Structure formats: structure tokens, C-alpha cells
Amino acid sequence: MGILDVAGAERTAFIESLEAMLRPLMPVMLKSGVTYTDAEEVLRSLFIETTGTKIGEQGRPATPARLALIAGLNRGEVIKLSEKKAARDRIRALRAQRL
């Protein structure tokens, strides 16, 4: 088995594990009114956030262009997701202040 076969097998195993972890959440998501679009946006946002952190740890700027290239999205989508996350963070901070 070559190095590419191992990498492909690891990726496949990870995707299968991810599916197994998400499967029990699906009924709860549906019951809560969470749509596919909602779930996709959360996943995209987390992917962009984590990728940006990793790039920053490497000492490189996490520009929208770089994040878009790595994530397979366009820059506009990366910017939109980043702005939505910033808005959610502001709302969470305001809620925390009220407690």
C-alpha cells in the first residue's frame, strides 16, 4: 500500500467516523428546525475559523483569499462567514454581560 493509499484510507475512515458522530444529531436538528443550509453554514464557518487559526500559528496572514483557496470557497463567501461569526460573537458577549 502506497502513501497515497494510506492517506486516502485515513480520510475515508475519518469521514465515516464523522458521519457516525453526526447521525444521532440529525433527529434533534430536524426537531429543532435546523435546516441543511443552517448546518452547512455552521460547518463552513468552523472550517474557516479553524483554518485561519492554523495559518496564523504558522506565522502567515489568514487573508480571505488564502482561506478561500484552502477551503474551496470564494473570497466573498469567506468574508460573509467571517462577518456572521463576528456578529454572533458580539451577541454572545452582550448576553454574557447580562448574566
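Look up a bit, the structure's there.
Residues numbered from 1 in each chain as written. Predicted model: local features only at pLDDT ≥ 70, side-chain atom pairs only at ≥ 80, totals over all residues. Heavy atoms only, no water.

### Re the pattern of salt bridges
Part 1: The final tally for this structure, using the stated rule, is eight salt bridges.
Part 2: The salt bridge involving Lys54 is made with Glu57; its shortest N-O contact spans 3.8 Å. With Lys54 and Glu57 both in helix 3 (residues 36–57) and three residues apart, this pair spans about one turn of that helix.
Part 3: Glu57 gets classed as exposed once you look at its relative accessible area, which sits at 57%.
Part 4: Overlapping salt bridges bring together Glu40, Arg44, Glu77 and Lys80 as one network. (Salt bridge = Lys/Arg side-chain N within 4 Å of Asp/Glu carboxyl O. Helix = DSSP H or I, 4+ residues; strand = E, 2+ residues; numbered from the N terminus. Buried < 20%, exposed > 50% of the residue type's maximum accessible area, 1.4 Å probe, protein only.)

### A closer look at the nonpolar core
Part 1: Counting six residues, the largest nonpolar core is built from Ile48, Ile55, Leu67, Ala68, Val78 and Leu81.
Part 2: Of all the secondary structure elements, the ones that give two or more residues to this core are helix 3, helix 4 (64–71) and helix 5 (75–98).
Part 3: In this structure, Ile55 is in contact with Arg60, Pro61, Ala62, Arg66, Leu67 and Ile70, ignoring residues within four places of it in sequence. (Core = buried A, V, L, I, M, F, W, Y, C linked by side-chain atoms within 4.5 Å. Contact = heavy atoms within 4.5 Å.)

### A word on the side chain of Thr51
Part 1: Here Thr51 is to be found in helix 3.
Part 2: Not counting chain neighbours up to four residues away, the residues in contact with Thr51 comprise Leu67 and Ile70.

### Thoughts on a nonpolar patch on the surface
Part 1: Residues Phe14, Ile15, Leu18, Met21, Leu22, Leu25 and Met26 make up a contiguous nonpolar surface patch of roughly 630 Å² in combined accessible area.
Part 2: For the nonpolar patch, the secondary structure elements donating two or more residues are helix 1 (3–22) and helix 2 (25–31).
Part 3: Looking at the nonpolar patch element by element, the count peaks at five residues for helix 1.
Part 4: Position of Leu22 among the secondary structure elements: in helix 1.
Part 5: Here Leu22 falls in the partly exposed class, since its relative accessible area comes to 37%. (Patch = residues over 30% accessible without salt bridge, like charges linked within 9 Å, V, L, I, M, F, W, Y side chains within 5 Å. Areas by Shrake-Rupley, 256 points an atom, 1.4 Å probe, with all protein chains shown as cover.)

### A word on the side chain of Ser45
Part 1: Topologically, Ser45 is positioned in helix 3.
Part 2: Ignoring anything within four residues of it in the chain, the contact list for Ser45 reads Leu81, Lys85 and Arg88.

### A look at the layout of surface pockets
Part 1: Here the largest pocket defines a volume of roughly 660 Å³.
Part 2: As for the largest pocket, its lining consists of 17 residues, and the residues nearest its centre are Leu18, Leu22, Ala39, Glu40 and Leu43.
Part 3: Going through the elements one at a time, helix 1, helix 2 and helix 3 are the ones with two or more residues in the lining of the largest pocket.
Part 4: In terms of residue count, helix 3 provides more of the lining of the largest pocket than any other element does, eight residues in total.
Part 5: Within the lining of the largest pocket, the residues separate by chemical class into 14 nonpolar, one polar and two charged. (1 Å grid on protein atoms, 1.4 Å probe; cavity = no way out; pocket = protein on both sides within 12 Å on 5 of 7 lines; lining within 4 Å. Points joined across faces, edges and corners; volume = space filled by probe spheres on them. Nonpolar A, V, L, I, M, F, W, Y, C, P; charged D, E, K, R; others polar.)

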